[in-house]
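Analysis of the macromolecular model
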Amino acid sequence: MKKIGVFTSGGDAPGMNACIRAVVRSAAYRQVEVVGIKRGYQGMIDNEFVELQKSDVANIIQNGGTILKTARSKDFMTAEGRKIAFENILKQGIEGLVCIGGNGTYTGAGIFFEEYGIPSIGAPGTIDNDLYGTDYTIGFDTAVNTALDAIDKIRDTADAHNRVFFIEVMGRDSGFIALNAGIAGGAEGILLPEVMNDYEALKDHFASNNRRNKEFSIVIVAEGETEGNTFQLADKFRAEFPECDLRVTVLGHIQRGGRPTANDRILASFLGNAAVESLLAGKTNLCVGVINHELALVSFKDAINNKKTIDHSLWHLSKILSC
Ligand code: F6P
């Protein structure tokens, strides 16, 4: 291969820039040219290609967001859209792709290979950490630390006013951010989509004598919690515990931005390089990840079809420590 493409797709995640940088520098080291594709699959269709030299990725490792922008492309889901994308890729002379994103990104790359034979390697970029085939995704550590910083601040005001706070963190269908931020933030309760009847358990806990007369409380709620959204759960809680002065804070998109942590920059650098090496070694339809501190390569199919589970021992730990 003499020329490869790189793009970011789906929700942005801190560390994506570090990954782009690693792809460009790793390819240059091997005398391979890199073309950046803006706004993911949509940019392939709309002809948004930009040559990336080593110097073009200088001074970006510390920045959140993605210099290539990102999108969730509806056009690429159509056969016509993919045909245009393929023709544009051919015109550019791109022989392989590194795609940085989540499940949707891997799905698109898999279909593209089936239809047009363009080899792809995926790198896991999402704050949710919900990708099978890697212990950590690029952006997760930063998002947890951002949430934690906010939780610590809310703790001050919760303490000052003797209030209960329900703090919603991101995680569309998963509770990885909630569990990690909840443990690190010393939360009294953590509500996750992966745990059944956790609201009932929280209620029982508040009704019990185990609370050591606590004056304030932090409860972390994952965005994807299945027993109701955070505001609905807060309303229920208010009705059941009218003596509690309850507030809700939704942390939202602040978790997606900001300077990536050292862990995310290192992970992104390692995986960006591994993606290029794998692509140039003739591999395709695989995503790179890290399992037990070692490089892991998992097929797109496995990454898409398997659900990564939370660490239930951590969940259990949170119960023990919050008593
Ligand atoms: O997948 C990352 C994520 O931030 C989820 O946690 C969240 O549910 C979703 O993206 C929000 O997407 P958008 O930015 O398109 O509203």
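Going by the structure above, here's the rest.
What comes next concerns the included structure. Predicted model only: the values in this text are computed from it and were never measured.

Let us now look at the side chain of threonine 230. When you line up the elements, threonine 230 lands in helix α8 (residues 230-240). Assessed through its relative accessible area of 1%, threonine 230 is described here as buried. Within the structure, threonine 230 has its side chain in polar contact with the side chain of glutamate 168 (distance 2.5 Å). Among all residues touching threonine 230, those that are not within four sequence positions of it are Phe166, Glu168, Val221 and Val248.

Taken as a whole, the largest pocket holds about 800 Å³ of empty space. No other element matches helix α4 (residues 103-116), which puts six residues into the lining of the largest pocket. Its residues placed into classes, the lining of the largest pocket shows ten nonpolar, 17 polar and eleven charged. Shared between two domains, the lining of the largest pocket holds at least three residues of each, these being domain 1 (3-139 + 260-305) and domain 2 (140-256). The calculated volume of the second largest pocket comes to roughly 360 Å³.

Once that is clear, we can look at the nonpolar core. In terms of nonpolar packing, the biggest core is built from 59 residues, with Ile4, Val98 and Ile218 touching the most fellow members. Per element, the largest residue contribution to this core is eight residues, and it comes from helix α5 (residues 140-161). Here this core gathers at least three residues from each of two domains, domain 1 (3-139 + 260-305) and domain 2 (140-256). Excluding anything up to four places from it in sequence, isoleucine 4 contacts Val23, Ala27, Val32, Glu33, Val34, Val35, Ile94, Gly96, Val98, Val276, Leu279 and Leu280. Counting 23 residues, the second largest nonpolar core, distinct from the first, contains Met44, Ile45, Ile94 and Ile118.

Moving on, we get to helix α11 (residues 312-322). Those residues of α11 that sit buried are Trp315, Ser318 and Ser322. Considered in projection along α11, the buried side chains sweep an arc of 55 degrees and stay on one side of the axis. Of the exposed residues in α11, those oriented more than 90 degrees away from the buried face are His316, Ile320 and Leu321. On its buried face, α11 sits against α6 (176-184), β7 (189-191) and α7 (198-207).

Quick notes on the rules
Residues numbered from 1 in each chain as written. Predicted model: local features only at pLDDT ≥ 70, side-chain atom pairs only at ≥ 80, totals over all residues. Heavy atoms only, no water. Helix = DSSP H or I, 4+ residues; strand = E, 2+ residues; numbered from the N terminus. Buried < 20%, exposed > 50% of the residue type's maximum accessible area, 1.4 Å probe, protein only. Polar contact = N/O pair within 3.5 Å; in protein donor to acceptor, adjacent residues only side chain to side chain. Contact = heavy atoms within 4.5 Å. 1 Å grid on protein atoms, 1.4 Å probe; cavity = no way out; pocket = protein on both sides within 12 Å on 5 of 7 lines; lining within 4 Å. Points joined across faces, edges and corners; volume = space filled by probe spheres on them. Nonpolar A, V, L, I, M, F, W, Y, C, P; charged D, E, K, R; others polar. Domains from an automatic or database assignment. Core = buried A, V, L, I, M, F, W, Y, C linked by side-chain atoms within 4.5 Å. Arc of directions from axis to C-beta.

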